[in-house]
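Here is what each chain is made of, one letter per residue.
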Amino acid sequence: MHVIADYSNEHHRTAVIALWETVFGYETAHNTPALAIDKKLAVNDGLFFVALAGDEVVGTVLAGYDGHRGWLYSVAVHPAHRRRGLGARLVHHAENALTGRGCMKINLQIVSTNESVKTFYEALGYSTEPRISMGKRIESNIAMPRG
Ligand SMILES: CC(C)(COP(=O)(O)OP(=O)(O)OC[C@H]1O[C@@H](n2cnc3c(N)ncnc32)[C@H](O)[C@@H]1OP(=O)(O)O)[C@@H](O)C(=O)NCCC(=O)NCCS
């Protein structure tokens, strides 16, 4: 039985770092799990959720809302807990939080090497849109935090 809860403590921090290292294994500095967690907590927007199996953190979703669009990030389920509907529940949980804030449209990005995950989002009502995604790193804000 999985419970979805607000991210709220140091245990969550340690476990989310381990989960993201397992699931994403990003090598870019701005995606370093500890840094991403600290930056999200600093915003204090209440849009960081974990899925728990007992005390164990087995899933995450981050959402963002800027008054114009909602965004989903870091949708992750531990490999041992997949295909039981937890990923869908995490997305719905984040969608409900965004909807409650008045959000009219939710976006997400998929890295090109992970295209197969489109099937997951299509099952949840998302569709591919004709956009070119661009980004720019702010190097001066990318500093390694504590572990
Ligand atoms: C994507 C992810 C979160 C899905 O989690 P999950 O708990 O297995 O998802 P669900 O059980 O809720 O799946 C819901 C539906 O999505 C689809 N789906 C999920 N994973 C799929 C896959 N690997 N291939 C095809 N369809 C998939 C299916 O239609 C599924 O329904 P079904 O099991 O009844 O067939 C999980 O596979 C994951 O963590 N992947 C690695 C991280 C990642 O890629 N995150 C997305 C970044 S954009």
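Just so you know, these numbers come straight off a predicted model, no measurement behind them. Just so you know, the residues in each chain are numbered from 1, in the order the chain's sequence is written. Thresholds applied to this predicted model are a pLDDT of at least 70 for local features of residues and 80 or more for the giving and counting of side-chain atom pairs; totals over whole chains, interfaces and linings are not thresholded and use all residues. To obtain the side-chain values, all non-hydrogen atoms of the structure were used and water was disregarded.

Q: I would appreciate a short explanation of the pairing of strand β2 (residues 48-53) in the present structure.
A: In summary, the side chains of a regular strand alternate between the two faces of the sheet. For every residue, the accessible area (1.4 Å probe, protein chains only) is compared with the maximum for its type, and the residue is labelled buried under 20%, exposed over 50%, or partly exposed between those bounds. Strands here are runs of E lasting at least two residues and helices are runs of H or I lasting at least four, both read from the DSSP assignment and numbered beginning at the N terminus. Summarising burial for β2: five of the six residues are buried, a large majority. Direction of pairing for strand β1 (residues 3-6) relative to β2: antiparallel, over a ladder of four bridges. In the sheet register, Ile4 faces β2, and the bridge partner there is Ala51. Strand pairing requires that DSSP identify at least two bridges connecting the strands. For β2 and strand β3 (residues 56-65), the ladder comprises six bridges, and the chain directions are antiparallel. By the bridge assignment, Ala51 is partnered in β3 with Gly59. Hairpin connection, β2 to β3: the antiparallel pair is bridged by two residues, and Gly54 has positive phi, about 65 degrees.

Q: Explain the packing of helix α1 (residues 10-23) against helix α2 (residues 33-43) here, please?
A: Packed helices, taken two at a time, are described by the angle between their axes plus the distance between the axes. Packing of α1 against α2 leaves a shortest axis separation of 9 Å and a crossing angle of 130 degrees. Judged by the inter-axis angle, α1 sits oblique to α2. Considering how the two elements wind past one another, α1 and α2 form a crossing that is right-handed. Here α1 contributes Arg13, Val16, Ile17, Trp20 and Glu21 to the contact with α2, which in turn contributes Pro33, Ala34, Ala36, Ile37 and Asp38. Of the residues contributing to the contact of α1 with α2, the split by class is seven nonpolar, no polar and three charged. Fitted lines through C-alpha atoms serve as axes, helices being fitted only where they are in contact, and the angles separating the N-to-C directions of these axes extend from 0 to 180 degrees. Should an angle fall under 35 degrees it is taken as roughly parallel, and over 145 as roughly antiparallel, whereas 65 to 115 is taken as roughly perpendicular and any remaining angle as oblique. Each crossing is labelled by how the near helix is turned from the far one, with a counterclockwise turn of less than a right angle marking it left-handed and a clockwise turn marking it right-handed. Pairs of residues are marked as contacts when any of their non-hydrogen atoms sit within 4.5 Å. Three classes are used: nonpolar for Ala, Val, Leu, Ile, Met, Phe, Trp, Tyr, Cys and Pro, charged for Asp, Glu, Lys and Arg, and polar for all others, with Gly counted as polar.

Q: Whenever I open this one, the nonpolar core confuses me. Can you help?
A: Soluble globular proteins tend to pack their nonpolar side chains together in the buried interior. The biggest cluster of nonpolar side chains holds 22 residues, and the ones touching the most others in it are Leu72, Leu90, Val91, Leu98 and Tyr126. Elements that contribute at least two residues to this core include exactly β2, β3, β4 (70-77) and α3 (86-100). Here this core takes seven residues from α3, the largest share from any one element. In this structure, Leu72 is in contact with Leu62, Ala63, Val91, Ala94, Leu98, Ile106, Asn107, Leu108 and Tyr126, ignoring residues within four places of it in sequence. Buried residues of nine kinds, namely Ala, Val, Leu, Ile, Met, Phe, Trp, Tyr and Cys, make up a nonpolar core once their side-chain atoms join them within 4.5 Å. Formed by 14 residues, the second largest nonpolar core is a distinct cluster that contains Ala15, Phe48, Val50 and Ala76.

Q: Just to check I follow, could you spell out unusual backbone geometry for this structure?
A: Backbone phi values are negative for most residues with the exception of glycine, while trans is the configuration of most peptide bonds. If you check the backbone angles, Ser74 has positive phi at about 50 degrees while not being a glycine. Positionally, Ser74 belongs in strand β4. Relative accessible area serves as the criterion here: at 23%, Ser74 is assigned to the partly exposed category. The phi dihedral of Arg83 is positive, around 60 degrees, even though this residue is not glycine. Relative to the assigned elements, Arg83 resides in the loop between β4 and α3. On the basis of relative accessibility, which here comes to 85%, the residue Arg83 falls in the exposed class.

Q: I'm lost on the side chain of His12 in this one. Help?
A: Tracing the backbone through its elements, the reader meets His12 in helix α1. Here the side chain of His12 touches Ser8 through a polar contact of 2.9 Å, landing on its backbone nitrogen. Once residues within four sequence positions are removed from consideration, His12 is found in contact with Asp6, Tyr7, Val50, Leu52 and Val57. Pairs of N or O atoms are called polar contacts if they sit within 3.5 Å, as long as, within protein, a hydrogen donor faces a hydrogen acceptor (for residues adjacent in sequence, only side-chain-to-side-chain pairs).

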